[in-house]
Amino acid sequence: MNNQSPRYDILAIGNAIVDVISETNDEFIELEQLTKGGMQLIDAPRAKSLYDAMGPAREISGGSAANTLAGMSMLGRQCAFIGQVADDQLGEVFAHDIRATGIDFDVPALKNSEPTARCLIFVTPDAQRTMNTFLGASQFLPASLIDKQLIQNSAILYLEGYLWDPQEPRAAMRAAIEHAKAAGRKVAFTLSDNFVIDRHREDFLTLINDGMIDILFANEGEITFLNQNQDFDAAVAATSAKVKTTIVTRGEKGAIAHHDGKSYAVAAQPIDKLVDTTGAGDLFAAGFLSAMIEGRAIDACLTAGSICAAEIISHYGARPEADIAALVKAQLG
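Our subject in this report is the structure included herewith. (Residues numbered from 1 in each chain as written. Predicted model: local features only at pLDDT ≥ 70, side-chain atom pairs only at ≥ 80, totals over all residues. Heavy atoms only, no water.)

Digging into the sheet that holds strand 4 (residues 57-62)
Reasoning step 1: Within the open sheet, the five strands sit side by side as 3-7-6-2-4. Their pairing is mixed. In the strand order of this sheet, the two ends are held by strand 3 (39-41) and strand 4, each with one partner. The average undirected angle you get between the axes of adjacent strands in this sheet is 20 degrees.
Reasoning step 2: Pairing analysis gives six bridges linking strand 6 (residues 117-123) to strand 7 (residues 129-134), with the strands arranged antiparallel. Residue pairing across strands places Arg118 opposite Phe134, the latter belonging to strand 7.
Reasoning step 3: With respect to the sheet, helix 2 (residues 44-53) is in contact with strand 2 (17-23), strand 4, strand 6 and strand 7, its orientation differing from that of strand 6 by roughly 40 degrees.
Reasoning step 4: Most of the contacts of helix 4 (residues 89-100) go to strand 4, to which it runs at about 60 degrees, and overall it touches strand 2, strand 4 and strand 6. (Pairing = 2+ DSSP bridges. Helix = DSSP H or I, 4+ residues; strand = E, 2+ residues; numbered from the N terminus. Axes fitted to C-alpha atoms, helices over the stretch in contact; angles between N-to-C directions. Contact = heavy atoms within 4.5 Å.)

Describing the side chain of Arg201
Reasoning step 1: Considering the arrangement of structural elements, one finds Arg201 in helix 7 (residues 194-209).
Reasoning step 2: There is no salt bridge for the buried Arg201, and the closest opposite charge comes from Asp198, which lies 4.3 Å off by N-O distance.
Reasoning step 3: From its side chain, Arg201 meets the backbone oxygen of Phe225 in a polar contact 2.8 Å long.
Reasoning step 4: In this structure the side chain of Arg201 is engaged in a polar contact, spanning 3.2 Å, whose partner is the backbone oxygen of Leu226.
Reasoning step 5: In this structure Arg201 touches Phe225, Leu226 and Gln228, once residues within four positions along its chain are discounted. (Buried < 20%, exposed > 50% of the residue type's maximum accessible area, 1.4 Å probe, protein only. Lys, Arg positive; Asp, Glu negative; His and termini not counted. Salt bridge = Lys/Arg side-chain N within 4 Å of Asp/Glu carboxyl O. Polar contact = N/O pair within 3.5 Å; in protein donor to acceptor, adjacent residues only side chain to side chain.)

So, the pattern of salt bridges
Reasoning step 1: Here the structure, examined in full by the defined rule, presents 15 salt bridges.
Reasoning step 2: Residue Asp104 is joined to Arg7 by a salt bridge in which the shortest nitrogen-to-oxygen separation is 3.6 Å. Here the residue Asp104 occupies a position in the loop between helix 4 and strand 6, and Arg7 occupies one in the segment before strand 1 (8-13), the gap between them amounting to 97 residues.
Reasoning step 3: Using a relative accessible area of 58% as the deciding quantity, one classes Arg7 as exposed.
Reasoning step 4: Residue Glu220 pairs with Lys253 through a salt bridge whose shortest N-O separation is 3.0 Å. A residue pair is termed long-range when its members are at least 10 positions apart, and Glu220 in helix 8 (residues 220-227) and Lys253 in the loop between strand 11 (245-249) and strand 12 (255-259) qualify at 33 residues.
Reasoning step 5: Exposure remark for Glu220: the relative accessible area of 22% places this residue in the partly exposed category.
Reasoning step 6: Look at Lys253 and you get partly exposed, because its relative accessible area is 47%.
Reasoning step 7: Each of Asp9, Arg77, Glu294 and Arg296 takes part in salt bridges that share partners, so that together they form one network.

Points about the environment of Thr249
Reasoning step 1: Along the chain, Thr249 falls in strand 11.
Reasoning step 2: Along the chain, Thr249 and Cys119 lie 130 residues apart, while their C-alpha atoms are 23 Å from each other.
Reasoning step 3: With near-sequence residues (within four places) excluded, Thr249 lies in contact with Ala218, Asn219, Glu220, Gly254, Ala255 and Phe284.

A word on the pairing of strand 9 (residues 186-190)
Reasoning step 1: Of all five residues in strand 9, four are buried; the element is thus mostly enclosed.
Reasoning step 2: In this structure, strand 8 (residues 154-160) lies alongside strand 9, joined through five bridges in parallel fashion. Bridged to Glu160 within strand 9 is Thr190.
Reasoning step 3: You can see the chain leave strand 8, run along helix 6 (residues 167-182) and come back into strand 9, and the turn it takes is right-handed. (Right-handed = clockwise from strand over helix to strand, strands pointing away.)

Thoughts on the packing of aromatic side chains
Reasoning step 1: Applying the stated criterion across every chain yields a total of ten aromatic pairs.
Reasoning step 2: Taking 4.9 Å as the distance between ring centres and 40 degrees as the angle between the ring planes, the aromatic pair formed by Phe28 and Phe122 counts as tilted. You can see Phe28 sitting in helix 1 (residues 26-31) and its partner Phe122 sitting in strand 6, a full 94 residues away along the chain.
Reasoning step 3: Overall, the relative accessible area of 13% leaves Phe28 in the buried class.
Reasoning step 4: Residue Phe122 is classed as buried on the basis of its relative accessible area of 1%.
Reasoning step 5: Ring geometry for Tyr158 against Phe217: centres 6.3 Å apart, planes inclined by 70 degrees, an arrangement best described as edge-to-face. Of this pair, Tyr158 sits in strand 8 while Phe217 sits in strand 10 (residues 215-219); the two residues are 59 residues apart in sequence, bridging distant segments of the chain.
Reasoning step 6: Residue classification places Tyr158 among the buried positions, given a relative accessible area of 1%.
Reasoning step 7: Overall, Phe217 belongs to the buried group, its relative accessible area being 5%.
Reasoning step 8: Ring pairs connect the aromatic residues Phe81, Phe94 and Phe105, which therefore count as one cluster.
Reasoning step 9: Lying over the aromatic face of Phe225, Arg201 brings its terminal NZ or CZ to 4.7 Å of the ring centre.
Reasoning step 10: Here the guanidinium or amino end of Arg250 rests over the ring plane of Phe232, the centre of that ring lying 3.8 Å away. (Phe/Tyr/Trp six-rings, centres within 6.5 Å; stacked < 30°, edge-to-face > 60°. Lys NZ or Arg CZ within 6 Å of the ring centre and 35° of its normal.)

Structure representation (structure tokens):
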């Protein structure tokens, strides 16, 4: 147990990815046999062929946990990130961008390795994003880079489910969870995607059943898929009985939370136009966790998350363009 005040509000471990975003149409999605609105892992040859088939694109540093930290840093939180890049141009882009956001990132780049990870994102006119991720160097994050002292100096350890898939970072995250629990720190986890749940359901349920997760983020599809129960309320109840704080986003239906046996719900924030849903869940988590760190009530945390998610889906990319701290303050004070 660590009784000292932590240096960081949050430490996240996740994929260090550069997003490559392009507009497309449903015909292209069908032609390339992609799963619309989902995320799939691809290898290097597939990454090259899809990139060659893309229209004009923008490169923006991304990765689920890194996106959440970017939002939290803009909201005034002290953040640190652990993720693996390669010693290449995209690795330099990612490292520069995350540090410029005010996030501490000290993991050395891998030399003579696979390239830095990238996510090829195709956005259709209905604002759905179809993601195709080449994990590259990010899947070689070793447990040796997990800094026990850094975890002890962070109030919350935040983990993304996407990174659970490769063996090496999965071992690293297991070690990080053990260090965090031993230090009396909170562990937050996002389920990320159904394909991750499908491959690692037993692992995730074991973490939940063993009390290793304090804060769980999911969307409506993920929480039902995790519990293999299409009854939404029953699926949420099954998880929230074992996790102190369970948060589920529901798109245009808003979001709900269960905390200490009580239920909370908020409506979705109004927006002028839905442009791109990339990063909506990531920024929701940023707003929620930031408000929680401030000691706000759970319904206010949900509102803060909804405000940040609404901002991110109003433009392309998963990093905020507006002053989200001002937006949250305008509603919550």
